Amino acid sequence: MAKDEKSSTKSQRYEHEHDKIKPPNKIIIRHLPPTKTEEDFLKQIDPLPEHDFYYFAPADWSLGSDATCRAYITFKNHNDIFLFRDRFDGYVFVDSRGNEYPAIVEFAPFQGVLKNKSRGG
């Protein structure tokens, strides 16, 4: 195989792989009040834009005073990500005691969808 053929094959492979890369569309909302329930959270962010995936993670109380809730959302429309971020990044959620928790909205570090696997063996 000639040198030009090898480089064009690599170029085509790169372009094909590059076409598969999608922009991130999964976000995480961090620093929600530890006592917040999923129902309360959904009421506060209503209306939730069209999405493929949603997961609310309750607080891990083993973290003590650092325990907070978080939520993951995978949006169908990429523009909704920025509208949601503009609306809720820095939004102050208040718990039942009046404590304030400014939320952080950012792209989730893991963009895939978690599979529901048991932890055993």
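Structure shown above.
Residues numbered from 1 in each chain as written. Predicted model: local features only at pLDDT ≥ 70, side-chain atom pairs only at ≥ 80, totals over all residues. Heavy atoms only, no water.

Asker: Give a detailed account of the pattern of salt bridges, specifying residues and quantitative values.
Answerer: Here the structure, examined in full by the defined rule, presents four salt bridges. As a salt-bridge pair, Lys76 and Asp52 come within 3.8 Å of each other at their nearest N and O atoms. Of the two residues, Lys76 is situated in the loop between strand E3 (69-75) and helix H3 (78-88) and Asp52 in strand E2 (residues 51-57); the sequence distance between them amounts to 24 residues. For Asp52, a relative accessible area of 53% translates into the label exposed. Its salt-bridge partner being Asp86, residue Arg85 comes within 3.0 Å of it at the nearest N-O pair. The class of Arg85 is partly exposed, set by a relative accessible area of 34%. A residue is classified by how much of its surface remains accessible, and Asp86, at 55% relative accessible area, is exposed. Several salt bridges share partner residues, and in doing so they unite Glu50, Asp52 and Lys76 into one network. (Salt bridge = Lys/Arg side-chain N within 4 Å of Asp/Glu carboxyl O. Helix = DSSP H or I, 4+ residues; strand = E, 2+ residues; numbered from the N terminus. Buried < 20%, exposed > 50% of the residue type's maximum accessible area, 1.4 Å probe, protein only.)

Asker: Outline the nonpolar core, listing residues and values.
Answerer: Ile27, Ile29, Leu32, Phe41, Phe56, Ile73 and Phe84 are the most contacted members of the largest nonpolar core, which totals 19 residues. Contributing elements (two or more residues each) for this core: strand E1 (26-32), helix H2 (38-45), E2, E3 and H3. If you tally residues by element for this core, the top one is E3, at four residues. The contact partners of Ile29, leaving out residues within four places of it in the chain, are Phe41, Cys69, Arg70, Ala71, Ile73, Phe84, Ala103, Ile104 and Val105. (Core = buried A, V, L, I, M, F, W, Y, C linked by side-chain atoms within 4.5 Å. Contact = heavy atoms within 4.5 Å.)

Asker: Go over the sheet that holds E3 with me, naming the residues and quoting the values.
Answerer: As summarised here, the arrangement of the four strands in space is E2-E3-E1-E6, forming an open sheet in which the pairing is antiparallel. Edge strands, defined here as strands with exactly one partner in the open sheet, are E2 and strand E6 (104-107). Put simply, the sheet's adjacent strands are angled 15° from each other on average, direction ignored. With six bridges connecting them, E2 and E3 associate as antiparallel partners. When the bridges of E3 are listed, Phe56 appears paired with Ala71. (Pairing = 2+ DSSP bridges. Axes fitted to C-alpha atoms, helices over the stretch in contact; angles between N-to-C directions.)

Asker: Explain H3 residue by residue, including any values.
Answerer: Turning to H3, its buried residues are Asp80, Ile81, Phe84 and Phe88. Seen end-on, H3 carries its buried residues on one side only, within an arc spanning 110°. Exposed positions of H3 whose direction lies more than 90 degrees from the buried face are Asn79, Leu83 and Asp86. Taking the backbone nitrogen of Asn79 as reference, a side-chain oxygen 3.0 Å away marks Asn77 as the first, capping residue of H3. Positive backbone phi, at 90°, marks Gly90, one or two positions downstream of H3. (Arc of directions from axis to C-beta. Polar contact = N/O pair within 3.5 Å; in protein donor to acceptor, adjacent residues only side chain to side chain.)

Asker: Describe the packing of aromatic side chains, naming the residues involved and giving the relevant values.
Answerer: In the structure shown here, the tally under the stated rule is seven aromatic pairs. Each ring, one from Phe75 and one from Phe84, has its centre 5.5 Å from the other, and the planes form 50°; the classification is tilted. Overall, the relative accessible area of 4% leaves Phe84 in the buried class. A network of ring pairs unites the aromatic residues Phe41, Phe56, Phe75, Phe84, Phe88, Tyr91 and Phe93 as a single cluster. (Phe/Tyr/Trp six-rings, centres within 6.5 Å; stacked < 30°, edge-to-face > 60°.)

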